[in-house]
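Structure at a glance
What follows is each chain in one-letter form.
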Amino acid sequence: MTFTQRHLLGIEQLRPDEITVLLDLSDKYADRNRSRATSTDVLAGMTQINMFFENSTRTQASFELAGKRLGADVMSMAMQASSVKKGETLVDTAMTLNAMRPDLLVVRHPHSGAVDLLSQKVDCAVLNAGDGRHEHPTQALLDALTIRRAKGRLHRLSIAICGDIAHSRVARSNIMLLGKMENRVRLIGPPTLMPAGIAEFGVEVFEDMREGLRDVDVVMMLRLQKERMDGGFIPSEREYYHRYGLDAEKLTHAKEDAIVMHPGPMNRGVEIDGTLADDINRSVIQEQVEMGVAVRMAAMDLLARSLRERRSAMDKGVMA
Amino acid sequence: MTTLITNARLIDPEAGRVFPGSVLLRNGVIAEVFDTPDPAIGTDHVPQDARIDAGGKCLAPGIVDIGVKICEPGERHKESYGSAGQAAAAGGVTTIVTRPDTRPAIDTPEVLEFIRRRANEAAPVNVLPMAALTKGREGREMTEIGFLMDAGAVAFTDCDRVVRDTKVLSRAMTYARALGALIVGHPQDPALSTGAATTSGKFASLRGLPAVSPMAERMGLDRDIALVEMTGVRYHADQITTARALPPLERAKRNGFDVTAGISMHHLTLNEFDIADYRTFFKVKPPLRAEDDRQAVVEAVRTGLIDVIGSFHTPQDEESKRLPFEEAASGAVGLETMLPVLLRLYHSGDLDLPTLFRALSLNPARRLGLDCGRLAKSAPADLVLFDPDKPVILDRFQLRSKSKNTPFDGARLQGKVVQTFVNGTSVYRSA
């Protein structure tokens with residue numbers, strides 16, 4: 001049971017035992033973060049660069065904090081305002097940064113597959129912080145950790161993911177992770193927000209929210225990504241809230257102890273009732289944010305270990 | 001000039017047969033076809049140095065490739081008439097029918113004459129240009145169809161930019177009908193396909209890529225066929241790549257409309273899963289389809305419902321491909337690789353050689369009213385001699401095109417062009 005990945009590009013590439021290793025280490029970091037001694041030096045002397053080609057506050061802050069707590073030198077670049085505007089291609093940007101010899105590169109990009117492309121051009125470890133509608137692996141991992149801590153296990157659970165599945169990388173990574181760990185995944189949303197061929201993903205699809213929520217252990221709400229909408233996917237916000245917004249009444253169809261999750265940022269009154277989101281007995285939304293830092297620390301720790309091993313193997317190769 | 005090619009396996013797409021024989025070429029045409037491998041012709045008639053022993057290899061009418069993009073004018077660094085002509089000769093393509101989607105578009109007789117002159121100077125194979133159907137390919141005003149025909153345009157097309165306004169298209173078609181011009185359409189509903197990089201379905205959803213329903217092709221074809229019925233124009237659909245578009249095509253033909261259809265080599269040999277981890281060399285237009293669709297269109301080529309196979313040769317430089325999949329340019333080069341790639345369908349037992357050359361040579365020539373594409377007496381001596389069994393591993397950097405964007409880099413193929421003749425003259429001979 002070892003973690004041998006060079007990059008963290010998606011859940012698709014991870015084996016179930018690697019996911020478990022990652023979550024076990026995340027658990028340790030989560031406990032450590034709750035103690036006073038938050039900082040360590042496992043990444044001391046290493047450089048982490050955050051490249052966000054798409055706006056982000058929380059994910060970027062979470063990665064930044066995770067890196068700092070591990071003792072890395074962290075630099076964040078707002079790529080929207082930089083060379084991209086001057087016409088530099090992604091590959092050129094990657095080569096430029098690679099020449100600065102970073103150890104960890106955290107990348108978010110609006111196009112699916114862009115982080116994969118970038119990872120092929122650099123020597124360091126790359127973490128996908130979200131690429132287009134493709135994957136957002138650390139979000140799925142932090143969701144998994146939150147579920148595991150709340151439910152005591154991460155298998156044989158019934159989990160509903162609700163809302164804008166079509167435009168959501170969070171949904172894709174979660175479907176894959178929860179499936180790999182042998183859970184039942186249900187997707188709930190209007191058909192205009194369901195990707196084509198989704199039934200072949202090994203999930204159950206529901207258009208009626210109450211039916212979809214019946215007896216589930218976990219309700220995972222997704223943000224209705226207004227900025228992704230070309231227009232015309234749903235008739236109006238209020239009709240959406242009426243049919244697919246999570247409120248106390250709809251939640252009664254789930255198990256009594258079902259937890260409510262949301263990757264944030266929330267649109268209160270669009271996809272989730274504000275009071276429900278704040279209900280500490282049901283909502284684990286704040287805990288998700290907390291687990292985010294722990295999961296990112298664990299991911300970077302493990303990638304740094306493989307990076308060191310690879311480098312020392314290369315050094316030996318040079319000497320031999 | 002006289003040449004005698006002996007000891008060949010002759011592929012006759014008109015008669016649908018393969019037989020051992022030999023061919024006498026004289027003054028640029030096929031002077032005689034013999035059904036014996038070594039006809040008794042004395043060296044006083046054909047001297048020793050004008051004889052080619054084919055060694056049992058296949059001899060077929062040269063390929064007529066409709067829809068080749070050569071990037072002159074505008075982007076000569078991607079492809080020129082010289083480089084494309086060399087690639088064509090090495091691929092057994094004896095007639096290139098070029099697309100007008102250059103920068104600027106080929107939409108005036110002056111530009112058309114310029115490129116014809118360039119082509120004749122630089123390319124060792126026949127080059128016939130298509131012209132834009134609307135000015136600047138903008139879908140607003142029709143081009144000077146009459147003048148363009150006088151200047152040598154063999155067909156009219158806006159390529160992958162679908163004319164959205166049906167009124168504009170119906171008028172252009174009505175006008176074209178009066179002149180007997182052929183219109184080449186790109187059947188695709190323009191609204192549904194906007195921004196799409198893949199075909200919708202499990203694969204596109206898994207990769208999170210913007211996708212278009214395969215139904216968009218049928219919708220585009222339905223519209224165009226209705227306009228054909230309305231105007232009576234001669235119409236060719238550039239690429240029919242989905243199973244759902246085949247019944248309307250079949251119906252249109254059965255109803256006697258002057259409609260034909262083509263398909264690209266890529267849609268016959270690849271499917272959407274080949275894109276794998278965002279490999280942009282597999283990004284083509286329309287996007288690669290599901291395997292069920294691929295099998296359906298191979299069958300449609302076999303039955304003749306789909307008439308023409310083309311390379312849809314589209315050179316792109318490394319910069320326009322080395323981008324995230326959504327941003328990357330579409331298209332692949334194919335002039336040089338088309339024959340070996342399509343021979344996969346021969347080796348798999350899907351298509352026999354006469355059927356393949358019916359779609360590669362005979363049908364496209366007929367559709368454009370050309371005399372070539374046949375292995376018959378008095379036809380132009382445009383021929384390809386090839387070894388269908390020779391194993392090759394494709395190396396994209398060996399291609400003659402200036403651009404190397406082939407999805408078949410490293411592919412194991414079976415088949416190699418040995419020699420190509422245009423008007424009786426050898427324009428390529430493999431090392």
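Residues numbered from 1 in each chain as written. Chains lettered and ligands numbered in written order. Predicted model: local features only at pLDDT ≥ 70, side-chain atom pairs only at ≥ 80, totals over all residues. Heavy atoms only, no water.

All right, on to the sheet that holds strand E2 (residues 73-78) of chain A then. Residue and element names in this part refer to chain A. Read across the sheet, four strands follow the order E2-E1-E3-E4 without closing on themselves; strand pairing throughout is parallel. Of all strands in the sheet, those bounded by a partner on one side alone are E2 and strand E4 (125-131). For this sheet, the mean angle separating the axes of adjacent strands, direction not counted, is 15 degrees. (Pairing = 2+ DSSP bridges. Helix = DSSP H or I, 4+ residues; strand = E, 2+ residues; numbered from the N terminus. Axes fitted to C-alpha atoms, helices over the stretch in contact; angles between N-to-C directions.)

The description of an aromatic ring pair uses the distance of the two centres, along with the angle that the planes make with each other. Residues and elements named next belong to chain B. Evaluated as defined, the whole model comprises three aromatic pairs over all chains. Taking 5.5 Å as the distance between ring centres and 75 degrees as the angle between the ring planes, the aromatic pair formed by Phe203 and Phe273 counts as edge-to-face. Placement of the pair is Phe203 in helix H6 (residues 202-207) and Phe273 in the loop between helix H9 (265-269) and helix H10 (291-303), with a sequence separation of 70 residues. Judged by its relative accessible area of 4%, Phe203 falls in the buried class. Considering the side-chain rings of Phe357 and Phe386, the 5.5 Å spacing of their centres and the 25 degrees angle between planes classify their relative orientation as stacked. In this pair, Phe357 is assigned in helix H13 (residues 353-367) and Phe386 in strand E15 (residues 383-393), connecting sequence segments 29 residues apart. We classify Phe357 as buried; its relative accessible area is 0%. Taking the relative accessible area as the measure of exposure, Phe386 reaches 0% and is therefore buried. Across from the ring centre of Phe19, 3.8 Å away, lies the NZ or CZ of Arg17, which sits over that ring. The positively charged end of Lys283 is found above the aromatic ring belonging to Phe325, 5.6 Å away from the centroid. (Phe/Tyr/Trp six-rings, centres within 6.5 Å; stacked < 30°, edge-to-face > 60°. Buried < 20%, exposed > 50% of the residue type's maximum accessible area, 1.4 Å probe, protein only. Lys NZ or Arg CZ within 6 Å of the ring centre and 35° of its normal.)

All names here are of chain A. Locating Lys151 in the fold gives a position in helix H5 (residues 137-151). Engagement of the side chain of Lys151 in a polar contact is seen with the backbone oxygen of Asp257, the distance being 2.8 Å. Filtering out sequence-adjacent residues up to four positions away, Lys151 remains in contact with Leu157, Asp217, Asp257, Ala258 and Ile259. (Polar contact = N/O pair within 3.5 Å; in protein donor to acceptor, adjacent residues only side chain to side chain. Contact = heavy atoms within 4.5 Å.)

In this section: the packing of helix H7 (residues 215-231) of chain B against helix H8 (residues 246-254) of chain B. Residues and elements named next belong to chain B. Remark: H7 packs on H8, axes separated minimally by 9 Å, with the N-to-C direction vectors making an angle of 15 degrees. As summarised for this structure, H7 and H8 are arranged roughly parallel, according to the angle between their axes. H8 is crossed by H7, and the crossing has left-handed handedness. Facing Arg218, Leu221, Asp222 and Ile225 of H7, the residues of H8 in contact are Pro248, Leu249 and Ala252. (Parallel < 35°, antiparallel > 145°, perpendicular 65-115°, else oblique. Left-handed = near helix turned anticlockwise from the far one by under 90°.)

Turning next to the domain arrangement of chain B. Residue and element names in this part refer to chain B. When cut into domains, chain B gives domain 1 (2-59 + 381-388 + 414-429) and domain 2 (61-367). Here the C-alpha centroids of domain 1 and domain 2 sit 30 Å apart. On the side of domain 2, 22 residues touch domain 1, which itself brings 23 residues to the contact. When the buried surface of domain 1 facing domain 2 is broken down by residue, Ile11, Pro13 and Gln414 rank first, second and third, together holding 26% of it. Taking the shortest distance from any N to any O, the salt bridge between Arg366 and Glu14 comes out at 3.9 Å. For the pair domain 1 and domain 2, the interface holds five residue pairs in polar contact (both at pLDDT 80 or more). Looking at the side of domain 1 that touches domain 2, the elements that each hand over two or more residues are strand E1 (2-12), strand E2 (17-26), E15, strand E16 (412-422) and strand E17 (425-429). With six residues, the top contributor of residues to the side of domain 1 that touches domain 2 is E16. A class-by-class count of the residues in the side of domain 1 that touches domain 2 yields 13 nonpolar, five polar and five charged. (Domains from an automatic or database assignment. Buried area = accessible area lost by both parts, 1.4 Å probe. Salt bridge = Lys/Arg side-chain N within 4 Å of Asp/Glu carboxyl O. Nonpolar A, V, L, I, M, F, W, Y, C, P; charged D, E, K, R; others polar.)

Moving on: the state of the cysteines. Residues and elements named next belong to chain B. Taken as a whole and judged by the stated rule, the model has zero disulfides over all chains. Cys372 takes part in no disulfide bond, and the closest cysteine sulfur, belonging to Cys58, lies 20 Å away. For Cys372, a relative accessible area of 8% puts it in the buried group. (Disulfide = S-S within 2.5 Å.)

Taken together, the 16 residues of chain B in the interface contact 22 residues of chain A. Linking chain B with chain A are one salt bridge. Between Glu12(A) and Arg207(B) there is a salt bridge, with the nearest N and O atoms lying 3.1 Å from each other. On inspection of chain B and its partner chain A, the count reaches eight residue pairs in polar contact (both at pLDDT 80 or more). Each residue belonging to the side of chain B that touches chain A can be placed in one class, and the counts come to seven nonpolar, four polar and five charged.

In this section: helix H4 (residues 166-179) of chain B. All names here are of chain B. Relative to the 20 Å expected for 14 residues at 1.5 Å per residue, H4 spans 20 Å between its end C-alpha atoms, a close match to the ideal helical length. Listed as buried for H4 are Val168, Leu169, Ser170, Ala172, Met173 and Ala176. Check the buried side of H4 and you find it contacts helix H3 (145-150), strand E9 (182-185), H7 and strand E12 (234-237). One side-chain oxygen at the N-terminal end of H4 lies 2.9 Å from the backbone nitrogen of Lys167; it belongs to Asp165. Taken from the residues just after H4, Gly180 is the one with a positive phi, measuring 70 degrees. (Expected span 1.5 Å × (residues − 1).)

Time to look at the nonpolar core. In this structure, Phe357(B) and Phe386(B) are the most contacted members of the largest nonpolar core, which totals 95 residues. Both domain 1 (2-59 + 381-388 + 414-429) and domain 2 (61-367) of chain B contribute no fewer than three residues apiece to this core. Excluding residues that lie within four positions of it along the chain, Phe386(B) makes contacts with Ile11(B), Lys57(B), Cys58(B), Ala60(B), Leu339(B), Leu343(B), Leu353(B), Phe357(B), Lys416(B), Val417(B) and Val418(B). Formed by 65 residues, the second largest nonpolar core is a distinct cluster that contains Phe52(A), Ala125(A), Ala144(A) and Ile147(A). (Core = buried A, V, L, I, M, F, W, Y, C linked by side-chain atoms within 4.5 Å.)

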